[in-house]
Amino acid sequence: MKAEAATQASVSQALTKGACPICGILKDFQWTLAAIVRPQAALRLCNFHTWALARSRGGSLERSTPGESVSSVFLEMLKSSPAGKVSSDDCALCHRVREEEVTRLRELAQQFQRPMFVEWMKTQGSLCLDHAGKLKEFVPLRYRTLVDEVVERNRSELREELEAFHEQLKQGVHAGGGLLGRVAEFLVGQRGL
Ligand SMILES: [Zn+2]
Ligand SMILES: [Zn+2]
């Protein structure tokens with residue numbers, strides 16, 4: 001499927017300093033979901049994904065997903081009896097994100113066979129708390145401590161940056177707001193994951 005081909009960036013391409021690679025990939029993946037979802041009666045979507053679809057029309061999706069596809073999805077949903085608020089456990093798109101998450105965690109875990117990757121992860125790599133915990137289930141036992149070390153390094157780096165940022169704010173300097181987003185990602189993962 002064309003829309004899915006667009007999401008095939010590998011985890012190694014998603015490796016950047018200061019950001020969780022799994023969050024990065026899933027964040028992009030979220031925006032292709034509108035192209036994947038098929039109009040069907042009784043489709044159940046959580047609050048986040050219903051709004052993601054509603055917003056997708058004017059967003060970066062417009063090229064790959066014409067507004068028609070979202071409106072036909074919504075039309076079918078309106079025809080069936082209202083489900084009320086749907087939890088993430090019952091959401092069709094959350095389900096697709098969780099499948100993608102497992103695929104990508106597996107892919108990332110395989111990278112641990114490359115000594116250069118291990119070295120990079122040790123000194124530069126970032127992981128959010130959630131994906132670090134999940135990744136430990138996929139990496140060979142001997143690398144679990146390394147995952148913990150990455151998280152602790154990330155935590156203290158963010159603390160230092162945030163303390164400095166906090167001091168700047170007191171002096172009326174307001175630059176560097178991107179830091180708060182990085183702290184949020186570290187604490188809870190990307191939005192909607
Ligand atoms: Zn993450
Ligand atoms: Zn959802």
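My aim in this report is to walk through the structure given alongside it, one point at a time. (Residues numbered from 1 in each chain as written. Chains lettered and ligands numbered in written order. Predicted model: local features only at pLDDT ≥ 70, side-chain atom pairs only at ≥ 80, totals over all residues.)

1. Regarding the packing of helix H9 (residues 144-170) against helix H10 (residues 178-188)
So, step 1. The N-to-C vectors of H9 and H10 enclose an angle of 150°; their axes lie 11 Å apart at closest approach. Taken as a pair, H9 and H10 cross one another with a handedness that is left-handed. Where H9 abuts H10, its residues Asn154, Leu158, Glu161, Leu162 and Phe165 lie against Leu179, Arg182, Val183 and Phe186.
So, step 2. Across the contact of H9 with H10, the residue classes tally to 6 nonpolar, 1 polar and 2 charged. (Axes fitted to C-alpha atoms, helices over the stretch in contact; angles between N-to-C directions. Helix = DSSP H or I, 4+ residues; strand = E, 2+ residues; numbered from the N terminus. Left-handed = near helix turned anticlockwise from the far one by under 90°. Contact = placed C-beta atoms within 7 Å. Nonpolar A, V, L, I, M, F, W, Y, C, P; charged D, E, K, R; others polar.)

2. Some remarks on unusual backbone geometry
So, step 1. Phi at Ala42 is positive, roughly 60°, even though this residue is not glycine.
So, step 2. Relative to the helices and strands, Ala42 resides in the loop between helix H3 (33-36) and helix H4 (47-56).
So, step 3. For Ala42, a count of 10 C-beta atoms within 10 Å gives the class exposed. (Buried ≥ 20, exposed ≤ 12 C-beta atoms within 10 Å, placed from the backbone.)

3. Considerations on the packing of helix H7 (residues 115-123) against H9
So, step 1. Where H7 meets H9, the axes come as close as 8 Å, and the angle between the chain directions of the two elements is 35°. Contacts from Val118, Met121 and Lys122 in H7 reach Leu146, Glu149 and Val150 in H9.
So, step 2. Of the residues contributing to the contact of H7 with H9, the split by class is 4 nonpolar, no polar and 2 charged.

4. Remarks on the nonpolar core
So, step 1. Core analysis: the biggest nonpolar cluster contains 20 residues, and Cys23, Leu127 and Ala132 have the highest contact counts within it.
So, step 2. The set of elements that each furnish at least two residues to this core consists of helix H2 (21-30), helix H8 (129-135) and H9.
So, step 3. Tallying contributions element by element places H2 first for this core, with 5 residues.
So, step 4. The contacts of Ala132, once residues within four sequence positions are left out, are Leu127, Val147, Val150 and Val151.
So, step 5. Residues Leu33, Val37, Leu45 and Leu53 belong to the second largest nonpolar core, which totals 10 residues. (Core = buried A, V, L, I, M, F, W, Y, C linked by C-beta atoms within 7 Å.)

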